[in-house]
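Structural overview for review
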Amino acid sequence: LAVLVIMLAVRGITFRVKRVACVGDSITKNGYWENNLQKSLSAERYEVKGFGVNGATVLAAGIDNDTSEKGYTLQPEYDDSLAYQPDIVVIMLGTNDTKERFNASPACIGIGMERLALKAETVAAWRVGKPNLLIVAPPHIGAGHNDPAMGASCHATSMGVAEEYRKKCAAHGWAFFDAEGVAEF
C-alpha cells in the first residue's frame, strides 16, 4: 500500500509534504491501516490522516443499526476530508454495504464507489487541482462470520466487490489495491 501511495505522489512531483487522506468506515476510524501507512512512509514527505466513520457506506442510502443515515458523503468526516486538502485520497469503503438488509449486489456497491470517487475528483478542495485516488477493496467477510447486523449473505456479496472496484478503477485510471490477504475481517 505504501508503494502505491508513493507512486501516486510521484505523478505530481513537488518538494512539500504530501497530504494523504484515508477515507473509510470503522476499519479506518480505528486507525489501524492509516497508522501503519504513516509508519511506512517518510514523515518528512507524507502526512497521513484518517477520516473514518463507523458504519459508513458508499451507498448514499446506507443506514446504520440505530437507523441513522451512514452514506459517507452525509457525514462530517467527509467535509473534514475536503478541508484537509489532500494530494492523495485513499478510499476503503464497501464492507458495510454488504449488509444483507441493503440487498446491494457487488455491482451496485461498485457503482456507489465510482460515484464517490467521481465526486472526489470534482470537488474544488484539493491542493493540486484534482487528487490522486487510490481505491482499496476491503478484505472479504469470512465465510463463518456470524453477525446478525451483517446478515447471512454478506460473505457472498463481499466476494465480488474487489472485481467491481477493479473494473471501475481501470475505466477511470484510478489506482487500485485489493486488501484481501493483507487484512482480515
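See the structure printed just above.
Residues numbered from 1 in each chain as written. Predicted model: local features only at pLDDT ≥ 70, side-chain atom pairs only at ≥ 80, totals over all residues. Heavy atoms only, no water.

What follows deals with the pattern of salt bridges. Scanning the model with the defined rule gives 4 salt bridges in all. Of the charged contacts in the structure, one is a salt bridge between glutamate 163 and arginine 166, with a shortest N-O distance of 3.2 Å. Pair noted here: glutamate 163 and arginine 166 are both in helix H7 (residues 161-172), with a separation of 3 residues, about one helical turn. On the basis of relative accessibility, which here comes to 39%, the residue glutamate 163 falls in the partly exposed class. In this structure, glutamate 164 and lysine 167 form a salt bridge, with 3.2 Å as the shortest nitrogen-oxygen distance. In this pair, glutamate 164 and lysine 167 both sit in helix H7, 3 residues apart, roughly one turn of the helix. (Salt bridge = Lys/Arg side-chain N within 4 Å of Asp/Glu carboxyl O. Helix = DSSP H or I, 4+ residues; strand = E, 2+ residues; numbered from the N terminus. Buried < 20%, exposed > 50% of the residue type's maximum accessible area, 1.4 Å probe, protein only.)

Another aspect to go through is unusual backbone geometry. The backbone of glutamine 85 sits at a positive phi, close to 55 degrees, despite the residue not being glycine. Note on placement: glutamine 85 falls in the loop between helix H4 (76-83) and strand E3 (88-92). What makes glutamine 85 partly exposed here is its relative accessible area of 36%. Backbone geometry at asparagine 103 places phi at a positive 50 degrees, although glycine is not the residue there. Mapped onto the fold, asparagine 103 is located in the loop between E3 and helix H5 (106-122). Overall, asparagine 103 belongs to the exposed group, its relative accessible area being 72%.

Another point: the pairing of strand E4 (residues 132-137). For a regular strand, the rule is simple: side chains alternate between the two faces of the sheet. Summarising burial for E4: 6 of the 6 residues are buried, a large majority. Burial along E4 is two-sided: Asn132, Leu134 and Val136 and Leu133, Ile135 and Ala137, pointing in opposite directions, are all buried. In this sheet, strand E5 (residues 175-178) lies alongside E4 in parallel orientation, the contact comprising 4 bridges. Within E5, the position partnered with alanine 137 by the bridge is aspartate 178. (Pairing = 2+ DSSP bridges.)

Our next topic: H7. Spanning 12 residues, H7 covers 17 Å between terminal C-alpha atoms, matching the ideal 16 Å at 1.5 Å per step. Next to the buried residues of H7 lie H5, E4, helix H6 (154-158) and E5. (Expected span 1.5 Å × (residues − 1). Contact = heavy atoms within 4.5 Å.)

In this section: the packing of aromatic side chains. Describing an aromatic ring pair means giving the distance of the ring centres and the angle of the ring planes. Applying the stated criterion across every chain, the model contains 2 aromatic pairs. Where phenylalanine 51 meets tyrosine 84, the ring centres are 5.5 Å apart and the plane angle is 55 degrees; that geometry is what we call tilted. In this pair, phenylalanine 51 sits in strand E2 (residues 46-52) while tyrosine 84 sits in the loop between H4 and E3, placing the two residues 33 residues apart along the sequence. With respect to burial, phenylalanine 51 and tyrosine 84 carry one shared label: buried. Between tyrosine 72 and tyrosine 78 the ring centres are 6.2 Å apart and the planes differ by 90 degrees, which places this aromatic pair in the edge-to-face class. Above the face of the tyrosine 84 ring, arginine 19 is positioned so that its terminal group lies 5.6 Å from the ring centre. Positioned over the ring face of phenylalanine 102 is arginine 101, at 5.4 Å from the centre of the ring. (Phe/Tyr/Trp six-rings, centres within 6.5 Å; stacked < 30°, edge-to-face > 60°. Lys NZ or Arg CZ within 6 Å of the ring centre and 35° of its normal.)

With that settled, consider helix H3 (residues 32-40). All of the buried residues in H3 are Trp33, Glu34 and Leu37. The buried residues of H3 occupy an angular sector of 95 degrees when projected down its axis, which confines them to one face. Residues Tyr32 and Lys39 are exposed on H3 and point more than 90 degrees away from its buried face. (Arc of directions from axis to C-beta.)

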